[in-house]
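Structural characterization, general
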Amino acid sequence: MRRIILSTESGADLPEDLVEKHQIQVVPMHVIMDGKDYLDGELPVEEVFDYQSRTKKIPSTTATNVHEYHDLFTNIRMAFPDSIIIHIGYTSKASASFQSALIAAEDFEDLFLIDALNVTGGLAAIVMYAVTVLEKEPSIDHVRLIEKIESVVPKTRLAFIPGSLDFLRAGGRVSNVAYIGGSLLKIKPCIELKEGKLVSTRKYRGHMSIVAEKLMRDYLNQYDIDRKQLYLIYSIGLDESIKSRMDEIAKETGFENVTWMQAGAMISTHAGPGGFGIAGIEYI
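Not measured: the values here are computed from a predicted model. (Residues numbered from 1 in each chain as written. Predicted model: local features only at pLDDT ≥ 70, side-chain atom pairs only at ≥ 80, totals over all residues. Heavy atoms only, no water.)

Before going further, it helps to examine the sheet that holds strand β4 (residues 36-39). Pairing within the open sheet is antiparallel, and its 3 strands lie in the order β4-β3-β5. One side of each edge strand has no neighbouring strand; the edge strands of this open sheet are β4 and β5 (60-62). Averaged over all pairs of adjacent strands, the angle between strand axes in this sheet comes to 35°, irrespective of strand direction. As defined by bridge partners, strand β3 (residues 30-33) adjoins β4 across 4 bridges and the pair is classed as antiparallel. Looking at the pairing, Val31 lines up with Tyr38 of β4. (Pairing = 2+ DSSP bridges. Helix = DSSP H or I, 4+ residues; strand = E, 2+ residues; numbered from the N terminus. Axes fitted to C-alpha atoms, helices over the stretch in contact; angles between N-to-C directions.)

What follows is the structure in structure tokens.
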């Protein structure tokens, strides 16, 4: 039986212990500060926020390039010669990474690409769903596994509140956020993935402790999320009391497992410090 290897980008923000445990292959995206290129996953998030504090500039980000994908797939082939590779990629609607992966994949056989149409915790949820299927059905045919993964892509829900509108505006990924009004009125937009695009779907007002709870309750009321697993995402600066309260709500609403994920440097460049997000997959 041929081994199936899963790969994704650093923009999935998968915790290192899960990456190592399941041998998920991760290729870095990029953060640019003062013209210098840093690899996401190697750059401490604190340096992103320190840079903004010092310079009042927001770092930019760039996609994983074709050469890096080629290296990723080559290294997998060398480590696992007879493997089948399934790459679950960062949404093609918000980054050129997936297109680069498509180009690199032309040189390889038994390599399959899936556009997750999601980012950070949403992308991680899909990757971990694939991991779970492989654990439960170790002899599953890769064609059937791909079908299963693709079936959960439209059922994967990510919603987050950025910690700073300055970072969100500079990232330019969300076109319908009213930055000026939001800044003046202390309004916090909820950002969701809609068909792979980042969209502001609702607005909250108040302290993050109030807003985070409202977001979580609205999210759970709107989506019928599978109670086996919930992913909670935070960027550095989110108060520990908020995290504790979110754990309480998750337990109250019947979730068996809750995985906290810290937003990496690339995602934090768009979300800013103190952000909070939720991701899960609706019942299939």
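Moving on: the sheet that holds strand β11 (residues 230-234). Taken in spatial order, the 6 strands make up an open sheet running β10-β9-β8-β13-β11-β12, and their pairing is mixed. On the outer flanks of this sheet lie β10 (197-205) and β12 (258-262), each paired with one strand and no other. The mean inter-strand angle of the sheet, taken between neighbouring strand axes irrespective of direction, is 20°. Pairing analysis gives 4 bridges linking β11 to strand β13 (residues 276-281), with the strands arranged antiparallel. Paired with Leu232 across the strands is Ile278, a residue of β13. Across the face of the sheet, helix α10 (residues 240-252) comes into contact with β11, β12 and β13 while running at roughly 150° to β12. (Contact = heavy atoms within 4.5 Å.)

What follows is about the packing of helix α9 (residues 208-222) against α10. Contact geometry for α9 and α10: axes closest at 10 Å, N-to-C directions at 20°. As judged from the angle between their axes, α9 and α10 are roughly parallel. The handedness of the crossing between α9 and α10 is right-handed. Contacts between α9 and α10 involve Met208, Ser209, Ala212, Glu213, Met216 and Arg217 on the former and, on the latter, Ile242, Arg245, Met246, Ile249, Ala250 and Glu252. Grouping the constituent residues of the contact of α9 with α10 by class yields 7 nonpolar, 1 polar and 4 charged. (Parallel < 35°, antiparallel > 145°, perpendicular 65-115°, else oblique. Left-handed = near helix turned anticlockwise from the far one by under 90°. Nonpolar A, V, L, I, M, F, W, Y, C, P; charged D, E, K, R; others polar.)

Further remarks concern helix α4 (residues 97-105). Three or more residues of α4 are buried, namely Ser97, Phe98, Ser100, Ala101, Ala104 and Ala105. Along the long axis of α4, the arc covered by the buried residues comes to 155°, so they all point the same way. The inward-facing, buried residues of α4 abut β1 (4-9), α3 (66-79), β6 (84-89) and β7 (111-115). (Buried < 20%, exposed > 50% of the residue type's maximum accessible area, 1.4 Å probe, protein only. Arc of directions from axis to C-beta.)

Residues Leu14, Ile86, Ile88, Leu145 and Ile149 are the most contacted members of the largest nonpolar core, which totals 57 residues. Residue contributions to this core peak at 11 residues, all from helix α5 (residues 120-136). Sequence-distant contacts of Leu145, defined by excluding residues within four places in its chain, comprise Ile4, Ile86, Ala130, Val133, Leu134 and Ile140. The next biggest cluster of nonpolar side chains, apart from the first, holds 24 residues, and it includes Met208, Leu220, Leu230 and Ala250. (Core = buried A, V, L, I, M, F, W, Y, C linked by side-chain atoms within 4.5 Å.)

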